[in-house]
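# Results of the structural survey
Spelled out from the first residue to the last, the chains are:
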Amino acid sequence: MGADALSDVLRAVRLSSAMFFHLDVRAPWVAAAPASSACASAVLPGAQHVIEYHVVVDGCCWGGLIDEPSVRLDAGDIIAFPQGAAHVLSSAPGMQAIPDLSYYHQPTADQLPHRIHLGDSGPADARILCGFLGCDTRPFNPLLESLPAVLHLRGSSYRGNSSLAFLINAARAETEGRRTGGEGVLARLGELLFVEAIRCHIEALGPEQTGWLAGLGDRHVGQALNLLHGKPAADWTLDELARMVGLSRSTLAQRFTYLIGQPPIQYLTRWRMQLAAGLLASGRDPIARVAEAVGYDSEAAFNRAFRRTVGTPPAAWRQAHILSE
């Protein structure tokens, strides 16, 4: 029986979250965010990669990449920047500012999120929650590779999705209530918001789309991915995988490669290396046991595959990870 490939990837890439800012804004205002690499160590220490996202809970604003056209964001909209690009939020399109890194610091006495007021005095005409998601990128994160530079989910597109609406309302209530334990609750809500947004994004993908997420939504390729993720250590062959998803060998290979960008067995090898990297980083199991856990009978064969795929031997990967902790 196959696994849920999306859940499997989210576990393996160590998704983490922090709801960091609660913006109360009144026009005119503008807020520029740096590339996430510039603030990652402050907002989510230890994360290999950081995604910033914003949820408009009241009012409206504009958002987008710096030096590119912005999009209007209405109440209920979510905008995320999966590749960590610098971006801007503002009360009107075309406004620019210089990112202020002094905002990005861990709290001392007050709990997250930091409350920030921008613009003229008076009641806020928009409220925005700003959060960060951390994840591993190395050696293989198929989800991140398939996400665009800007992911905009319109509130009007998920009005029938009670789960996403509930999560947004819960985050808003937790932010405004600032109860004990709120940081932890908001962190979990941020992760759930991201997962639900990804699910909505998958459902909205057109038939012409390619990539890992499009593959998940494809009847046969999605089933193949779930099978590979369900038993990554199994001795998979293209013939066996094709038989189980009900396609010919050549049709599956062609369809899988078109959507995912690589053949099924090559994908499996890369995914095995991601799993192995996690086991190596834990530092508990000897390399021979790690090799066996991801489908290699020989430690030497595993060493060759890991070095060929990742670019460094397993022992060196483990040592580098331990030193970076």
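Residues numbered from 1 in each chain as written. Predicted model: local features only at pLDDT ≥ 70, side-chain atom pairs only at ≥ 80, totals over all residues. Heavy atoms only, no water.

### Regarding the packing of aromatic side chains
Taken as a whole, this structure holds 10 aromatic pairs when the rule is applied. Seen in terms of ring centroids, F256 and Y267 are 5.9 Å apart; in terms of plane orientation they differ by 70°. Their pairing is edge-to-face. Placement of the pair is F256 in helix α9 (residues 249-260) and Y267 in helix α10 (residues 264-282), with a sequence separation of 11 residues. Per residue, the accessibility class of F256 equals that of Y267, and both read buried. The interplanar angle of 55° and the centroid separation of 5.7 Å between the aromatic rings of F302 and F306 together place this pair among those described as tilted. (Phe/Tyr/Trp six-rings, centres within 6.5 Å; stacked < 30°, edge-to-face > 60°. Helix = DSSP H or I, 4+ residues; strand = E, 2+ residues; numbered from the N terminus. Buried < 20%, exposed > 50% of the residue type's maximum accessible area, 1.4 Å probe, protein only.)

### Side note on the packing of helix α7 (residues 219-230) against α9
Relative to each other, α7 and α9 sit at 90°, their axes nearing to 10 Å. Taken together, the axis directions place α7 and α9 in an arrangement best described as roughly perpendicular. In this structure, α7 contributes V221, A224, L225 and L228 to the contact, and α9 contributes L252, R255, F256, L259 and I260. For the contact of α7 with α9, the class distribution of residues is 8 nonpolar, no polar and 1 charged. (Axes fitted to C-alpha atoms, helices over the stretch in contact; angles between N-to-C directions. Parallel < 35°, antiparallel > 145°, perpendicular 65-115°, else oblique. Contact = heavy atoms within 4.5 Å. Nonpolar A, V, L, I, M, F, W, Y, C, P; charged D, E, K, R; others polar.)

### Comments concerning the environment of I116
Mapped onto the elements of the fold, I116 is located in strand β7 (residues 114-119). Each C-alpha atom, one on I116 and one on Y103, is 9.2 Å from the other, the two residues being 13 residues apart in sequence. If near-sequence neighbours (up to four positions away) are discounted, I116 is found in contact with F21, H22, L23, D24 and Y103.

### Some details on the pattern of salt bridges
Here the structure, examined in full by the defined rule, presents 15 salt bridges. Of the charged contacts in the structure, one is a salt bridge between R115 and D24, with a shortest N-O distance of 2.6 Å. On the criterion of sequence distance, the pair formed by R115 in strand β7 and D24 in strand β1 (residues 16-26) is long-range, its members being 91 residues apart. One salt bridge in this structure joins R255 and D218, with 2.8 Å as the shortest N-O distance. Here D218 lies in the loop between α6 (212-217) and α7 and R255 lies in helix α9, a separation of 37 residues in the sequence. On the basis of relative accessible area, R255 is assigned to the partly exposed category, the value being 33%. By relative accessible area, which is 14% here, D218 ends up buried. Bridged by salt links that share partners, the residues D24, D58, R115, R127, R172 and E176 form one connected network. (Salt bridge = Lys/Arg side-chain N within 4 Å of Asp/Glu carboxyl O.)

### What to know about the nonpolar core
Membership of the largest hydrophobic core comes to 57 residues, with the highest contact counts inside it found for L143, F194, I198, W212, L225, F256 and Y267. By residue number, the principal contributor to this core is helix α5 (residues 182-204), which donates 8 residues. (Core = buried A, V, L, I, M, F, W, Y, C linked by side-chain atoms within 4.5 Å.)

### As for α10
Taking 1.5 Å as the rise per residue, α10 with 19 residues should run 27 Å; its terminal C-alpha atoms sit 28 Å apart, in good agreement. Buried within α10 are the following residues: P264, Y267, L268, W271, R272, M273, Q274, A276, A277 and L280. Two residues or fewer after α10 comes G283, characterised by a positive phi angle close to 75°. (Expected span 1.5 Å × (residues − 1).)

### Side note on helix α4 (residues 162-177)
For α4, which comprises 16 residues, the first-to-last C-alpha distance of 22 Å matches the rise-based estimate of 22 Å (1.5 Å per residue) to within 8%. On the buried face of α4, the contacting elements are β1, β3 (49-65), β5 (78-81), β8 (126-135), β9 (151-153) and α5. Of the residues flanking the end of α4, it is R178, one or two places downstream, whose phi is positive at about 45°.

### Details of empty space enclosed by the protein
Enumeration according to the criterion identifies 2 cavities of 30 Å³ or more in this entry. In this structure, the largest cavity occupies an estimated 90 Å³ of space. Around the largest cavity, the lining residues are Y53, V55, I78, A80, L151, H152, L153, L193, F194 and A197. Secondary structure elements with two or more residues in the lining of the largest cavity: β3, β5, β9 and α5. For the lining of the largest cavity, a count of residues per class yields 9 nonpolar, 1 polar and no charged. Approximately 60 Å³ is the volume found for the second largest cavity. Taken together, L10, V13, L15, I51, C135, N141, L143, L144, L147 and F194 make up the full set of residues lining the second largest cavity. Each residue belonging to the lining of the second largest cavity can be placed in one class, and the counts come to 9 nonpolar, 1 polar and no charged. (1 Å grid on protein atoms, 1.4 Å probe; cavity = no way out; pocket = protein on both sides within 12 Å on 5 of 7 lines; lining within 4 Å. Points joined across faces, edges and corners; volume = space filled by probe spheres on them.)

### As for the state of the cysteines
Summed over the entire model, instances satisfying the criterion amount to 0 disulfides. In this structure C39 is not part of a disulfide, and its nearest cysteine sulfur, from C130, lies 11 Å away. Among the residues examined, C39 registers a relative accessible area of 2% and is labelled buried. Here C135 is not cross-linked by a disulfide; its sulfur's nearest cysteine counterpart is in C39, at 14 Å. Residue classification places C135 among the buried positions, given a relative accessible area of 5%. (Disulfide = S-S within 2.5 Å.)

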